Amino acid sequence: MVYGPGDPIRIFNYLKRMIDKRPYILIDEERAKWHGSRGYVENVAGAIVSAILNENSKGKIYNVGELKPLSEQGFIEEIALAYGWDGEIIHIKREDIPNDIKDKLPQHMVADNNYNQSWVIDTTLIRSELNYKEKVPFKEAIRKTVLWNTDNPPQRHNKDYNPNVSDYKIGRQGL
């Protein structure tokens, strides 16, 4: 999963709640524990250039991603730290959400995904054969991503955010 400037989707569903000074973010407890490999756009581009320029990479496939993939909870915490949000991340069970409000909730709460199996790739090959290292450190990557997303909110509806809907008042007491 590539994130960074130019991607109006990957973090905005969480960042929007932080921008709006929400006191908490609700998240599916299974999704909170899920780990997924991510890569910052400039780092992924650098890895691609390295593979193109290295003669030894011909015919090989390399996985690119951060060395230590974070859980979704950890990723949200890093976004919060970069933005300066000090709210709480609250875990909920999908089965505890009343059916009559599911269509009003964001995807990070109700997506019918299987989060029992993480999606983590091994980046050892590109790191050892091409001496790949991230040029942009993780904290700086998150900071740049948060700044870009703050200045460039999505203009079109996507599965995680609808700019035409400004009222998303589902509260803790309703869950």
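Calculation criteria
- Residues numbered from 1 in each chain as written.
- Predicted model: local features only at pLDDT ≥ 70, side-chain atom pairs only at ≥ 80, totals over all residues.
- Heavy atoms only, no water.
- pLDDT = per-residue confidence, 0-100.
- Helix = DSSP H or I, 4+ residues; strand = E, 2+ residues; numbered from the N terminus.
- Contact = heavy atoms within 4.5 Å.
- Polar contact = N/O pair within 3.5 Å; in protein donor to acceptor, adjacent residues only side chain to side chain.
- Axes fitted to C-alpha atoms, helices over the stretch in contact; angles between N-to-C directions.
- Parallel < 35°, antiparallel > 145°, perpendicular 65-115°, else oblique.
- Left-handed = near helix turned anticlockwise from the far one by under 90°.
- Nonpolar A, V, L, I, M, F, W, Y, C, P; charged D, E, K, R; others polar.
- Phe/Tyr/Trp six-rings, centres within 6.5 Å; stacked < 30°, edge-to-face > 60°.
- Buried < 20%, exposed > 50% of the residue type's maximum accessible area, 1.4 Å probe, protein only.
- Lys NZ or Arg CZ within 6 Å of the ring centre and 35° of its normal.

Q: Provide a residue-level description of the confidence of the model for the protein, including the pertinent values.
A: Averaged over every residue, the pLDDT of the protein is 87; the share at 70 or more is 87%. Looking across the protein, the model is least confident in helix α5 (residues 107–110), with a mean pLDDT of 69, and most confident in strand β3 (residues 39–40), with 98. In this model residues 170–175 is a low-confidence stretch, pLDDT under 50, and it forms 17 contacts with partners more than four residues away in sequence or in other chains.

Q: If you had to explain the environment of N149 to someone new, which residues and values would you point to?
A: Following the sequence through the fold, N149 ends up in helix α7 (residues 138–151). Ignoring anything within four residues of it in the chain, the contact list for N149 reads D7, P8, I11, F12 and L15. A polar side-chain atom of N149 sits 2.9 Å from the main-chain carbonyl oxygen of T145.

Q: Please provide a residue-by-residue account of the packing of helix α4 (residues 72–83) against α7, values included.
A: The relative placement of two packed helices is expressed as an angle between their axes plus a distance between the axes. One can describe the packing of α4 onto α7 by two numbers: an axis separation of 9 Å at closest approach and a directional angle of 70 degrees. By the criterion of interaxial angle, the relationship of α4 to α7 is roughly perpendicular. For the crossing formed where α4 meets α7, the hand is right-handed. Facing α4, whose interface residues are F75, E78, I79, L81, A82 and Y83, α7 presents F138, K139, I142, R143, V146 and T150. Partitioned by chemical class, the residues of the contact of α4 with α7 number eight nonpolar, one polar and three charged.

Q: Just give me the short version of the packing of aromatic side chains, but keep the residues and values in it.
A: What the rule picks out here adds up to three aromatic pairs. Aromatic side chains Y3 and F75 sit 5.5 Å apart centroid to centroid with 75 degrees between the ring planes, which places their arrangement in the edge-to-face category. Linking Y3 in strand β1 (residues 2–3) with F75 in helix α4, this pair joins segments that are 72 residues apart in sequence. For the residue pair Y3 and F75, the accessibility class agrees, reading buried in each case. When the ring of W34 is compared with that of Y115, the centres are 6.2 Å apart and the planes differ by 70 degrees; the resulting orientation is edge-to-face. In this pair, W34 sits in the loop between α2 (29–33) and β3 while Y115 sits in the loop between α5 and α6 (124–129), placing the two residues 81 residues apart along the sequence. We note that W34, like Y115, is buried. One aromatic cluster in this structure is built from Y3, Y40 and F75. Over the face of the ring belonging to F75 we find R38, whose NZ or CZ atom lies 3.9 Å from the ring centre.

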